[in-house]
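# Residue-level structure breakdown
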Amino acid sequence: MLVCLPTKEVIVISLARIFEEHPDRRYIMFGGKGGLGKTTFSAATAHWLAKQGHKVLVFSVDPQASLTDIFEQDIFGKGAVEIMPNLFAQEIDADQRIKEYQEEIRQKIFDMYGMDEIPEEIESYIQAAAAEPAMEESAIFDKVVDIVVGAEYDYYIYDLVPLGHALYYLSMASVYDDWIDKITRLREEMEEYQQVAAVVQRDGEFEEDLILKELQEIKYRINTSSSILTDREKTAFFFVIVPEEMAILDTQKAATLFAKFQVPLSGYVVNRVLPPELAAQEIPEFLRHRLEMQEGALRRIDEQFGGEVLAHVPEFERDITGLEMIERMGEVMFGGAR
Ligand SMILES: Nc1ncnc2c1ncn2[C@@H]1O[C@H](COP(=O)(O)OP(=O)(O)O)[C@@H](O)[C@H]1O
Ligand SMILES: [Mg+2]
């Protein structure tokens, strides 16, 4: 016997209700392991919100370029691309950002030290630094900060990379903050010794001030973005889960970690639920077994996350790609237009 699932009406209203009851939650994220449906839900939510008349940006830093796949349109590294009225999608190209970074560093060297050519050893240092994984992370982070701090859209939907990375990203904010504090302090101390510093012989005071000012600006940007991303009033973070034992265990662990970073959890969305009414039909033994396993997993999900489960999303007959499927998914998630 299959457990009695809540009726469709009850399920679908709750996810929409989160948006209705919290109109200030304008930063939306779906977290969870790879392949569970984060990109699908991000795109469907963006579509649904855009159809309600909100201007929405769904963006991703995943080099696997999955928004390109789901929207069936090449948007990688092209900035915010209009998909349909009110709906914009953006895939950040980290390599491109690193090149911009390098150019900015060169420009600063020109401007600050009045050089007209970058010395070879500095140029090779700039090249080597670009190969550092930390450089890529920092380039991505910087771009995300740019997007989030801008106030162009009503909603920002951040299509997250798989969990580990998302956690890393969130922890970066505090690491960066500490690091900048330290550097700032160091620079302040150095002010006293600036007369002896070779690089600041020319207009030394002014140059030191510029660097300090820049550090403070970075700090401001980081604080603003991380406070937005961890602000319960402004952010809705949903966990995507599927009715499988392993996924449930992983999600429990992840939820604990996210709580540590004070990510405000808005609830869980269960994806890829096989229609339970199948059990009443003539079906192969294989499928019946899958349904039984799913029944157990759904019961576990209910025990573990019960009151926080906002929607059960069925397994569709095919992958979710293209606007028509995305719209269908949005309707299933949110229960049609308001
Ligand atoms: N409910 C569903 N029914 C059918 N296919 C789905 C469903 N949810 C997701 N998929 C498919 O599963 C694959 C992985 O989904 P995706 O959203 O890319 O996961 P993630 O972003 O978490 O890695 C995609 O091919 C997507 O179309
Ligand atoms: Mg994805």
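Remember, it's a predicted structure, so these values are computed and weren't measured experimentally. Sequence order as written defines the numbering, with residues in each chain counted from 1. Lettering for chains starts from A, numbering for ligands starts from 1, and both go in the order in which the items are written. With the structure being a predicted model, the display of local features is reserved for residues of pLDDT at least 70 and the display and counting of side-chain atom pairs for 80 or more, all residues being used for whole-chain, interface and lining totals. Working from all heavy atoms in the structure, the side-chain values ignore hydrogens and water.

### A closer look at the overall build of the protein chain
Comment: elements are numbered from the N terminus, with helices defined as DSSP H or I runs of at least four residues and strands as E runs of at least two. The secondary structure content of the protein chain amounts to eleven helices and eight strands. Throughout, exposure labels follow a simple rule: accessible area from a 1.4 Å probe, protein chains only, divided by the maximum for the residue type, with under 20% read as buried, over 50% as exposed, and the rest as partly exposed. Counting across all 338 residues of the protein chain, residues that qualify as buried make up 48%. Throughout, a contact is declared for two residues whenever any of their heavy atoms are within 4.5 Å. Excluding contacts between residues fewer than 6 apart, the proportion of contacts in the protein chain whose partners are at least 24 apart in sequence is 75%. We get accessible surface area from the Shrake-Rupley algorithm with a probe of 1.4 Å; when it comes to residues, only the shown protein chains can shield them. Only carbon and sulfur atoms are counted for the fraction: they give 53% of the accessible area of the protein chain, which is about 17800 Å².

### Section: the pattern of salt bridges
We count a salt bridge whenever a side-chain nitrogen from Lys or Arg sits within 4 Å of a carboxyl oxygen from Asp or Glu. What the rule picks out here adds up to 13 salt bridges. For the salt bridge of Asp74 with Lys78, the shortest nitrogen-to-oxygen distance reads 3.1 Å. Its salt-bridge partner being Arg106, residue Glu123 comes within 2.8 Å of it at the nearest N-O pair. Of this pair, Glu123 sits in helix 5 (residues 120-130) while Arg106 sits in helix 4 (residues 94-113), and the two are 17 residues apart along the sequence.

### Section: the nonpolar core
Among the nonpolar cores identified, the biggest contains 44 residues, and Phe19, Phe71, Phe238 and Met333 are the most heavily contacted of them. Core analysis: the second largest hydrophobic core is formed by 33 residues, Val148, Phe258, Leu298 and Phe305 among them. Only buried residues count toward a nonpolar core, which is a set of Ala, Val, Leu, Ile, Met, Phe, Trp, Tyr and Cys residues joined through side-chain atoms within 4.5 Å.

### Points about helix 2 (residues 38-51)
Residues spaced three or four apart along an α-helix point in a common direction, a consequence of the helix completing one turn every 3.6 residues. The first and last C-alpha atoms of helix 2 sit 20 Å apart over 14 residues, in line with the 20 Å expected at 1.5 Å per residue. Helix 2 sits mainly inside the fold: 13 of its 14 residues count as buried. Positive phi shows up at Gly53, right after helix 2, with a value of about 100°. Take the number of residues in a helix, subtract one, and multiply by 1.5 Å to get its expected span.

### Some thoughts on the site of ligand 1
We call a residue near a molecule or strand when any one of its heavy atoms sits within 4 Å of it. Neighbouring residues of ligand 1: 17 residues in total, closest Gly35, Lys38, Thr39, Thr40 and Ile320. In protein, a polar contact requires one atom able to donate a hydrogen and another able to accept it; more generally it is a pair of N or O atoms within 3.5 Å, and residues adjacent in sequence count only if both atoms are side-chain atoms. Backbone polar atom of Gly37 to an oxygen atom of ligand 1: 3.0 Å apart, as the coordinates give it. Between ligand 1 and Ile320, the relevant distance is 2.8 Å, taken from an oxygen atom to a main-chain nitrogen or oxygen of the residue. At the level of secondary structure, the elements contributing two or more residues to the shell around ligand 1 comprise helix 2 and strand 7 (265-273). Tallying contributions element by element places helix 2 first for the shell around ligand 1, with three residues. Note on residue classes: Ala, Val, Leu, Ile, Met, Phe, Trp, Tyr, Cys and Pro are nonpolar, Asp, Glu, Lys and Arg are charged, and everything else, Gly too, is polar. Class assignment of the residues belonging to the shell around ligand 1 gives a composition of five nonpolar, six polar and six charged.

### Thoughts on the confidence of the model for the protein chain
Residues shown with low pLDDT carry predicted positions that ought not to be read at fine detail. In this model, the protein chain carries an average pLDDT of 82, and 80% of its residues clear a pLDDT of 70 or more. pLDDT expresses, on a scale from 0 to 100, how confident the predictor is about each individual residue. Averaged over each element, pLDDT in the protein chain is lowest for helix 7 (residues 163-191) (65) and highest for strand 3 (residues 81-84) (98). Below a pLDDT of 50 lies the segment residues 6-12, which in the model reaches eight contacts outside its immediate sequence neighbourhood of four places, other chains included.

### What to know about unusual backbone geometry
For Glu72, which is not a glycine, the phi torsion comes out positive at approximately 50°. With respect to the secondary-structure elements, Glu72 resides in the loop between helix 3 (66-71) and strand 3. Residue Glu72 is classed as exposed on the basis of its relative accessible area of 57%. The backbone of Asn86 sits at a positive phi, close to 75°, despite the residue not being glycine. When you line up the elements, Asn86 lands in the loop between strand 3 and strand 4 (87-91).

### Overview of the packing of aromatic side chains
By convention, a stacked pair of Phe, Tyr or Trp rings (six-membered ring in the case of Trp) has centres within 6.5 Å and planes under 30 degrees apart, an edge-to-face pair has planes over 60 apart, and any other such pair is tilted. Across all of its chains, the model carries 14 aromatic pairs by this definition. Here Phe19 and Phe334 contribute two aromatic rings whose centre-to-centre distance is 5.5 Å and whose plane-to-plane angle is 75°, an arrangement assigned as edge-to-face. Here the residue Phe19 occupies a position in helix 1 (residues 8-21), and Phe334 occupies one in helix 11 (residues 322-334), the gap between them amounting to 315 residues. You'll find Phe19 and Phe334 in the same group, each marked buried. Ring centres of Tyr153 and Tyr156 lie 5.6 Å apart, and the angle between their planes is 80°; on these two criteria the pair is classed as edge-to-face.

### Structural notes on helix 10 (residues 285-305)
Look at helix 10: 30 Å from first C-alpha to last across 21 residues, which is about the 30 Å you get at 1.5 Å a residue. The complete set of buried residues in helix 10 reads Leu291, Gln294, Glu295, Ala297, Leu298, Ile301 and Phe305. In this fold, the buried residues of helix 10 make contact with strand 6 (235-241), helix 9 (245-260), strand 7 and strand 8 (309-314).

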